[in-house]
Amino acid sequence: MKRRDFIRAAAVGGIALRWGRPLFAGQAPPPVPDLAVVEGASPYAITKEVVASLGGMSRFVGKGDRVVIKPNIGWDRTPEMAANTNPEVVKALVELAQDAGARRVIVIDNTTNQARRCYIRSGIQDAVKEAGGTMLFVDEQHRVRKMALGGTWLKEWDVVLDVIEADKVINVPIAKHHSLCQLTLGMKNWLGAIGGARNQLHQRIDEAMVDLAAFFKPALTVLDAYRILVRNGPQGGRVSDTELRETIVAGADVAAVETMGASLFGLGPKDLLFLRLAHERGLGRIDLEGLTIEKRKI
Amino acid sequence: MKKERSKKYIALQRLRVASQAGFFALFLYLLIGARYTGEDYISSTVQRFFHFDPLLALVTIVSARVLVASFAFALVTVAATVLLGRVFCGWVCPLGSVHQFSSFAFKRTKFLRPPKEETSSLAWKYYILFVLLAAALLGLNLSGTLDPFSFLTRSLSTAVFPALAQGLSSLNGLVYGLGLVSVGRSISHFLEDWSLNVTFIQGFAIGLMLLGALALNARKERFWCRYLCPTGALLGLLSRLGVFKLRIDPGKCIECGLCTQHCQTQARPFPNDEWKSGECVFCETCAAICPTGAIGFPARFSAEKMSSVSNVALARRKVLLSAFLGFFSVPFFRLTPFRRRASLKLIRPPGSLPESGFLAKCVKCGQCMRACPTNGLQPALAEAGPEGLWTPVLVPKIGYCEYYCSLCTQVCPTGAIKELTIEEKSEVKIGAAWVRKERCIPYVLGKPCIVCEEHCPVSPKAIKLVDVEAHLADGRVVVHKGPVVDIELCIGCGICENKCPVMDEPAIFVTSVGESRSDKNRLLLEIIPDAGDDPYR
């Protein structure tokens, strides 16, 4: 507990410093960046810091909102395998959403392996419980409904009702290797917010991802690159399949977040079809040069 | 004369009902506990009940020719039965309780009107027992078909629980329809939490058998226990000393016959000297129902004569005949080719013994099917021959073998599935995957897919992707990544078959070949890797 307390204190201190500075120095508050990238040894602290860098959670979550946080909990794997979103990242976000005044914070994913195993062994169930959020299982029978997506390729699909009934959605993917789309970052994560025969979407996976991202419209995308999966994706299986990067990328612009995330793997928009498609659909920017990026190390 | 029922025996009867309810509840609790609870290893489950069962112990030990240490608990039951009689049947057995309760319900609703005098032969269960024991001598384990623990566990796991879960889930639709979202969520959370598997190919048939067994109680009270149960028969033969012996006070008895009419197991309390101590389950009904309190069970330390153990006319010729039947039935069970040649679809749970050892030990209880988190383990119908009816087989189209799970190996009561740690289990091959190129999407439809590769849990992956050409109907040739199986890495878990988007007949499928447990059903012969040494030296 001591280390955790220290980290929490450090995070709070960091936030205080950031907002404290204009008061003490009499400067104008800095403009809110398009993208924030924070590095550090504690996934919990850097998540809090990355949201603070973007101007705080209250920019994205209003008082009384019902918030759904959508991590990747797809696999029956423990955190060091980097197949699922880091539980500490999810925990930090649940706390931030609650502090911003959310009425209820729900964490949900339509898993690939048995849901119960994924929720428990990913460490996310315990993390969410500790933070005071609610974990829900996807009820394929009653809580999934076919609806119009308005996509260019995906016209309609089965959607998890608990996700779309939320006032605000926060997307919390993990950066991983994937043998079909090369990488799975933010948009691919929406395959866990739908039901039906998801495995058929692989026939045009890049278009499906972009259509889903345009439909779900998250308020914020927080990309967990604390430990990334560099091969044998999307579930890995050995620690040697992962690389420790200790980085979180966040922003409201999913395309920009993904472009930054892809650079961790040495890939760019010219390599990744889904990024170009997302840009064409107006989902965001894929040229990092023109963006204001807040980079920090704690 | 004063007419009054015995307060003592009414209290004892209530105590017996409480004991039945308690053991049944414990049984249910442990059976529900046989699932992924959040821990990789589960401690004690309902298998402990099985270890107290002398029939399963005897038949398994004899047919597998190996001592199973946990069956030492059965000695407790044996000792209790020798000393006290069939109290196990009357006070403990959960299937007995189910039968007794349904008999009670049939009596109350007047579906069952017991006659004054019941004369049907009680010998059948003994003959069934002799068939089972004789077959066990030749290595055939049929005990699981009629053993009460196996029968009940199998029925609950593959029929009753699934039906309840289905029903509850349908009801949940109504709950959601009424707008009670949070109530609905709690129900679906509960269903997910208890991991009630809902899909069983044989669920209907097995459920029908349970219903049939219960319906028989409308003809005779505790029909199963009286005429069918081989475990009851074995305990009947063991109840030699019987410390508590029925005694009717002739001064009080008014010869009304109520005791004999309402005896649960046709043990004939009246007249006193015709009481069948080997049939009596000490339910205390006769003593509690007697209008004058004339019946009691005082303690007396003298052994029973064999004739009065059951007073069941066990004709020597019939005993011999049933034993012969047991012997001669064995070859008929072995006419199938499966002992000589592995069956294509017979994918056994990880840790299963080689097939003949497995069949000798498996008591078909279905606990592994209850524990399986993906619902993939199913009771076999014909995959393993007649001997293997209701033994577990993995059906990947329904569910796959979860990589980090060894629950089925932990709940097996007899060791037919050897207990494995997660690490040991992930090394075990239960089969091998094969690509059906003529149905595979990149191979024939010229579209990307890779779903099987994505789901393959081993690292490095056993499914590799290579560029494959599809010759399309319009003459175009399209290249995409298609799956190829690396058979050395594949463990046969079946997730590829389960997740393949070609739904009806998946384009990748698992068969039993290459399973670690068999030295015949092999695919790759391990050549000694150290080539520097001369193997013939």
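Residues numbered from 1 in each chain as written. Chains lettered and ligands numbered in written order. Predicted model: local features only at pLDDT ≥ 70, side-chain atom pairs only at ≥ 80, totals over all residues.

Sorry, what's going on with the overall build of chain A here?
Secondary structure summary: chain A contains 9 helices and 12 strands in total. Here chain A holds 298 residues, and 58% of them are scored as buried. Contacts in chain A between residues far apart in sequence, at least 24 positions, make up 73% of those at least 6 positions apart. (Helix = DSSP H or I, 4+ residues; strand = E, 2+ residues; numbered from the N terminus. Buried ≥ 20, exposed ≤ 12 C-beta atoms within 10 Å, placed from the backbone. Contact = placed C-beta atoms within 7 Å.)

Would you mind going over the overall build of chain B with me for this structure?
Looking only at helices and strands, chain B has 24 helices and 8 strands in total. Projected onto the principal axes, the alpha-carbon positions of chain B cover approximately 105 × 75 × 40 Å. When the 537 residues of chain B are sorted by exposure, 49% land in the buried category. Across chain B, contacts joining residues at least 24 apart in sequence account for 76% of those joining residues at least 6 apart.

Any chance you could explain the packing of helix H6 (residues 94-108) of chain B against helix H9 (residues 148-177) of chain B here in plain terms?
Angle between the axes and distance between the axes are the two parameters that describe a pair of packed helices. All names here are of chain B. Running from N to C, H6 and H9 cross one another at 70 degrees; their axes reach a closest spacing of 8 Å. Taken together, H6 and H9 sit at an angle that is classed as roughly perpendicular. Each of Pro-94, Leu-95, Gly-96 and Val-98 in H6 lies in contact with H9, whose residues at this interface are Pro-148, Phe-151 and Leu-152. Split into classes, the residues belonging to the contact of H6 with H9 amount to 6 nonpolar, 1 polar and no charged. (Axes fitted to C-alpha atoms, helices over the stretch in contact; angles between N-to-C directions. Parallel < 35°, antiparallel > 145°, perpendicular 65-115°, else oblique. Nonpolar A, V, L, I, M, F, W, Y, C, P; charged D, E, K, R; others polar.)

Could you clarify how one ought to interpret the interface of chain B and chain A in this entry?
Where interface size is quoted, it is often the accessible area lost as the parts come together. Contacts between the two partners involve 34 residues from chain B, matched on the other side by 27 residues from chain A. For the side of chain B that touches chain A, the elements supplying multiple residues, two or more each, are H9, helix H10 (181-193) and helix H23 (451-455) of chain B. At 6 residues, H10(B) tops the list of elements feeding residues into the side of chain B that touches chain A. For the side of chain B that touches chain A, the residue count by class is 14 nonpolar, 11 polar and 9 charged.

It is not clear to me how the nonpolar core should be interpreted in this structure. Could you clarify?
Among soluble globular proteins, nonpolar side chains are generally buried collectively. Counting 232 residues, the largest nonpolar core has A:Ile69, A:Leu93, A:Ala97, A:Ala213, A:Ile248 and A:Ala250 as the members making the most contacts within it. Per-element tally for this core: the top contributor is helix H7 (residues 124-137) of chain B, with 11 residues. In contact with A:Ile69, other than residues within four places in its own chain, are A:Val90, A:Leu93, A:Val94, A:Ala97, A:Val105, A:Val107, A:Ile170 and A:Val172. (Core = buried A, V, L, I, M, F, W, Y, C linked by C-beta atoms within 7 Å.)

What is the right way to look at the confidence of the model for chain A in this model?
Close reading of the predicted structure is inappropriate where its pLDDT is low. On average, residues of chain A score 91 in pLDDT, and 90% of them are at 70 or above. Every residue in residues 20-26 of chain A scores below 50 in pLDDT, and together they form 4 contacts with partners more than four places removed in sequence or on other chains. (pLDDT = per-residue confidence, 0-100.)

Before we go on, may I ask you to explain the pairing of strand E8 (residues 174-178) of chain A in this structure?
Walk down a regular strand and you will see the side chains alternate between the two sheet faces. Residues and elements named next belong to chain A. Most of E8 sits out of view: 4 of its 5 residues are buried. One ladder, built from 3 bridges, connects E8 with strand E9 (residues 182-184); its direction is antiparallel. In the strand pairing of E9, His-178 is matched with Gln-182. Between E8 and E9, which pair antiparallel and follow one another directly, the connecting turn spans 3 residues. (Pairing = 2+ DSSP bridges.)

Just to check I follow, could you spell out the confidence of the model for chain B for this structure?
Here chain B averages 92 in pLDDT, and 95% of its residues register 70 or above. The ipTM assigned to the predicted complex is 0.88, against a pTM of 0.91.

Please explain unusual backbone geometry as it appears in this structure.
Most peptide bonds take the trans form, and the phi angle of most residues other than glycine is negative. A cis amide bond links A:Gly233 with the next residue in sequence, A:Pro234, at an omega value of 0 degrees. As for its position among the elements, A:Pro234 is in the loop between strand E10 (220-229) and strand E11 (242-251). Put simply, B:Ser459 and B:Pro460 share a cis peptide bond, and its omega is 0 degrees. Here B:Pro460 lies in the loop between H23 and strand E6 (463-471). Positive phi, normally seen in glycine, also occurs at B:Asn375, with a value near 75 degrees.

Looking at this structure, how should I read the environment of B:Arg522?
All names here are of chain B. You can see Arg-522 is positioned in the segment after strand E8 (508-511). Of the residues examined, Arg-522 has 14 C-beta atoms within 10 Å and is grouped as partly exposed. Remark: the alpha-carbon pair of Arg-522 and Ala-342, spanning 180 residues in sequence, is separated by 9.9 Å.

Which parts of the structure should I look at to understand the pairing of E11(A)?
Residues and elements named next belong to chain A. Relative to E11, strand E1 (residues 35-39) runs antiparallel, the two being bridged by 4 bridges. Bridging across to E11, Glu-39 finds its partner in Thr-247. Where E10 meets E11, 8 bridges bridge the pair, whose relative direction is antiparallel. For Ala-225, the partnering residue across the bridge sits in E11 and is Thr-247.

What's the story with the environment of B:Pro501 in this structure? I'm lost.
Note on placement: B:Pro501 falls in the loop between helix H24 (495-499) and E8. Its 17 C-beta neighbours within 10 Å are what place B:Pro501 among the partly exposed residues. Taking the C-alpha atoms as reference points, B:Pro501 and B:Leu28, separated by 473 residues in sequence, lie 38 Å from one another. Those residues in contact with B:Pro501 that sit more than four places away from it in its chain are A:Ala197, A:Asn199, A:Gln200, B:Ile441, B:Cys449 and B:Val451.

Whenever I open this one, the environment of B:Pro349 confuses me. Can you help?
All names here are of chain B. Mapping Pro-349 onto the fold places it in the loop between helix H17 (316-333) and helix H18 (355-361). For the pair formed by Pro-349 and Gln-100, sequence separation is 249 residues and the distance between their alpha carbons is 35 Å. Those residues in contact with Pro-349, other than ones at most four positions away along the chain, are Cys-368, Leu-377, Pro-392, Leu-394, Cys-408 and Ile-417.

When you look at the packing of helix H3 (residues 87-99) of chain A against helix H5 (residues 124-131) of chain A in this model, what are you seeing that I'm missing?
All names here are of chain A. At a minimum axis separation of 8 Å, H3 and H5 run at an interaxial angle of 25 degrees. Put simply, H3 runs roughly parallel to H5. The two elements H3 and H5 meet at a crossing, and its hand is right-handed. Residues Pro-87, Glu-88, Val-90, Lys-91, Val-94 and Glu-95 of H3 lie in contact with H5, whose contacting residues are Ile-124, Ala-127, Val-128, Glu-130 and Ala-131. Considered class by class, the residues forming the contact of H3 with H5 number 7 nonpolar, no polar and 4 charged. (Left-handed = near helix turned anticlockwise from the far one by under 90°.)

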